[in-house]
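If you want the building blocks of each chain, they are given just below.
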Amino acid sequence: MTAGLIRRFWVNPTSLTGALVVAAVVLAAILAPWISPFDPLEQDIAARLTGPSPAHFLGTDTFGRDVLSRLMHAARISLVIGVASIAIAMAMGSAIGIAAGYIGGKFDACVTGLLDVLLSFPTLLLGLMVVAMMGPSMDNLILAIALTELAPFARVARAPTIALKDREFVEAGRALGFSDMRLVVVHIVPNLLSEVVVVASLWLATAIRTESSLSFIGLGIKPPTPTWGGMIREGFENIMDAPWLAVAPSVAILVTVLGLSLMGDGLRDALDPKGQRD
Amino acid sequence: MTDAVLEIRKLAVEFHSGGQWHAAVRGIDLSIAQNETLAVVGESGSGKSMTALSVMGLVPTPAGRIAPESSIKLHGRELVGLPEHELDRIRGNRVAMIFQEPMTALNPTMTVGAQVAESLRVHRGFNGAQASAEALKMLDLVKVPSAGKRMKDYPHQFSGGMRQRVMIAMALACHPKLLLADEPTTALDVTIQAQVLSLIEDLKTEYGLAVMFITHNLGVVALIADRVAVMYAGEIVEAALAPDLFARPRHPYTQALLASIPRVDRDLKMLEPIQGNVPTIGNLGAGCGFASRCTHAQVRCHRERPQLMPDGPARAVRCWLVGPPP
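This is a predicted model, so every value here is computed, not measured.

Peer 1: Could you give me a rundown of the overall build of chain A, with the residues and numbers involved?
Peer 2: When helices and strands are counted, chain A shows eleven helices and zero strands. Ordering the α and β elements of chain A from the N terminus gives α-α-α-α-α-α-α-α-α-α-α. Seen through its principal axes, chain A has C-alpha atoms that stretch 75 × 50 × 30 Å. Classification of the 278 residues of chain A by burial places 44% in the buried group. A fraction of 71% describes how many contacts in chain A between residues 6 or more apart in sequence connect residues 24 or more apart.

Here it is as structure tokens:
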């Protein structure tokens, strides 16, 4: 089953492209301290706002810092925030959804209602509120983004839980004297994990976008630490003279988000038993 | 009967609907001794599965409940009203149940060995190695070929009959005293049915089990049952030793059931289907539940509900036509 899944994922050109793009970005981020041509914080006032050249592949910014180096280091921050916030959102959201689906009744109705309220807020607005309340820092940013993406995970986990709790093997487990906790953790969770993982890979792109947006409006990581959103904002001031400053991080975000989305789609197709073409 | 493993008295299961409690099981008395197979026979909706679920304490709540005057005793210990954590210790440990659908009764994401081992870890506190060693023994016992290798396989790699064997291994892993089998062979091919039935029969002797075998297949009953309880509309209408029941059915419903089995040695024209359907709960009149479908029904049958009356030493019948012994 697993081997077939991996094969279906790899033979699909969409998911293969996505995976390669994501792998390249991740690799660049991990290896940034060793392979980036310059220190991302090193200023060279003599060489400020130079265009792309053999020395500075993507030019320099208004302080003379190397854009390519900053871009690679910024990828570290974006990926860490994205992955951490999605991990938290996945764990908490799934737990809420599974609890609601398994317990059912009034509890389910209350939780579903609250989730609908949460879903009705635009992602960015909700993140903005949380960061504004708690102050911009890496931890708060992760928490804010996790909170905005809780609801989709809860929804995705709740529906299969409702179906699974009445399946015969769960009934059989109950007849063998297993506790509710054991039934949920050992018998229900592994059966809905694949659906949750697909959602995680799709929402990771959104998490990175949200982080960039918050950094862009100045509620993200404080300068001089490079972030993609922050770099776009800085580049905005010189968009007429030095367009590469804003364009380079924009393209980085675009490529990363596209890669993650393609990978998520491929993963979903590979896991969908109805979509098996072979 | 003092040596009964299971003793059920006045069991009533009710369901809430439209602001009222309606009885799905109406005052059942039965008992099963060690080494005995009791077949519970009836159509869909006769309450036979609900009787088994009551013993397990698995009547779906909050829609359903076991009426407070009911009594279910396992080795003399009252099960009705036990708190959930006490019931958890009995389920799978002292009483086990196997289900109709072996295709869906196993967790698709767990290996077969792990599933058999699981109840040993829960009830016996075995560690991983002890539990899988015991699981291997159980799979050997239920005659899964090359069990050692197949332990690591997933349910989808097993055929229906093999899965039912795995289910039986899971159920019996903790050596329960009572096995409730809810139509365990209905979904299997006839040849596989016979194998699984003889396996259950062997294990019954080996473990000294009391078996409650729920089925609507009278052919299966004839093969394995020591005693039979025929259920209709939530009541036992006839209880007898299996050979007696087949040789001399007394209740009109039992007679009708036997007449509706297709037989190779008889013409299809002699097949007599029972007209109508089982009355729905909440739609039962004052009289006998079977009266509306009974070809022998008299005025009294529609007005008064008959009691289960003894008819000889080992038989009881719920019918006005079967008079009390003089």
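Peer 1: Describe in detail the interface of chain B and chain A, supporting the description with residues and values.
Peer 2: The interface is formed by 21 residues belonging to chain B together with 13 residues belonging to chain A. Secondary structure elements with two or more residues in the side of chain B that touches chain A: α2 (84–90) and α3 (112–124) of chain B. Residue composition of the side of chain B that touches chain A, by class: ten nonpolar, seven polar and four charged.

Peer 1: Got a sec to walk through the sheet that holds strand β10 (residues 227–232) of chain B? Specific residues and values, please.
Peer 2: Strand pairs in the sheet, formed through backbone hydrogen bonds, run parallel or antiparallel to each other. Residue and element names in this part refer to chain B. Taken in spatial order, the eight strands of this open sheet run β7-β8-β9-β3-β10-β11-β13-β12, and their pairing is mixed. Each edge of the open sheet carries a strand with a single partner, namely β7 (95–98) and β12 (309–310). Relative to strand β11 (residues 235–241), β10 runs antiparallel, the two sharing six bridges. Note on β11: the bridge partner recorded for alanine 229 is alanine 239. Helix α6 (residues 160–172) contacts β7 and β8 (178–182) of the sheet and is inclined by roughly 170 degrees relative to β7.

Peer 1: Please provide a residue-by-residue account of helix α2 (residues 13–35) of chain A, values included.
Peer 2: At A:Ala29, α2(A) shows its maximal bend, which comes to roughly 40 degrees, and the proline A:Pro33 appears one to four places after that position. Listed as buried for α2(A) are A:Ser15, A:Gly18, A:Val22 and A:Val25.

Peer 1: So what's going on with α3(B)? Residues and values would help.
Peer 2: Residue and element names in this part refer to chain B. Its 13 residues place the ends of α3 19 Å apart at the C-alpha level, agreeing with the 18 Å of an ideal helix rising 1.5 Å per residue. Across the 13 residues of α3, ten count as buried, placing the element largely inside the fold. Among the residues of α3, Val112, Gly113, Gln115, Val116, Ala117, Glu118, Ser119, Leu120, Val122 and His123 are the ones counted as buried. Its buried side turned inward, α3 meets α4 (128–141), α5 (147–150) and α6. Note on α3: the residue one or two positions beyond its end, glycine 125, has a positive phi of about 65 degrees.

Peer 1: Explain the domain arrangement of chain B residue by residue, including any values.
Peer 2: All names here are of chain B. Taken domain by domain, chain B holds domain 1 (4–94 + 176–317) and domain 2 (105–174). Using only C-alpha atoms to locate each centre, domain 1 and domain 2 end up separated by 29 Å. Here the element with the most residues in the side of domain 1 that touches domain 2 is helix α7 (residues 190–207); it accounts for seven residues. A per-class count over the side of domain 1 that touches domain 2 returns eleven nonpolar, three polar and no charged.

Peer 1: Lay out the nonpolar core in plain terms, naming residues and giving numbers.
Peer 2: Membership of the largest hydrophobic core comes to 161 residues, with the highest contact counts inside it found for B:Val116, B:Ala169, B:Leu180, B:Met212 and B:Val228. The element best represented in this core is helix α9 (residues 180–216) of chain A, accounting for 15 residues. Counting only domains with at least three residues in this core, you end up with domain 1 (4–94 + 176–317) and domain 2 (105–174) of chain B. Those residues in contact with B:Val228, other than ones at most four positions away along the chain, are B:Ala39, B:Val41, B:Val221, B:Ala239, B:Ala240, B:Ala242 and B:Leu245.

Peer 1: How would you sum up the environment of A:Ala99? Please name residues and give values.
Peer 2: Residue and element names in this part refer to chain A. By the secondary structure assignment, alanine 99 is in helix α3 (residues 67–103). Its 18 C-beta neighbours within 10 Å are what place alanine 99 among the partly exposed residues. A sequence separation of 85 residues divides alanine 99 from valine 184, and the C-alpha atoms of the two residues are 8.9 Å apart.

Cut-off values and rules
- Residues numbered from 1 in each chain as written.
- Chains lettered and ligands numbered in written order.
- Predicted model: local features only at pLDDT ≥ 70, side-chain atom pairs only at ≥ 80, totals over all residues.
- Helix = DSSP H or I, 4+ residues; strand = E, 2+ residues; numbered from the N terminus.
- Buried ≥ 20, exposed ≤ 12 C-beta atoms within 10 Å, placed from the backbone.
- Contact = placed C-beta atoms within 7 Å.
- Nonpolar A, V, L, I, M, F, W, Y, C, P; charged D, E, K, R; others polar.
- Pairing = 2+ DSSP bridges.
- Axes fitted to C-alpha atoms, helices over the stretch in contact; angles between N-to-C directions.
- Bend = angle between axes of the 7 residues up to and from the residue.
- Expected span 1.5 Å × (residues − 1).
- Domains from an automatic or database assignment.
- Core = buried A, V, L, I, M, F, W, Y, C linked by C-beta atoms within 7 Å.

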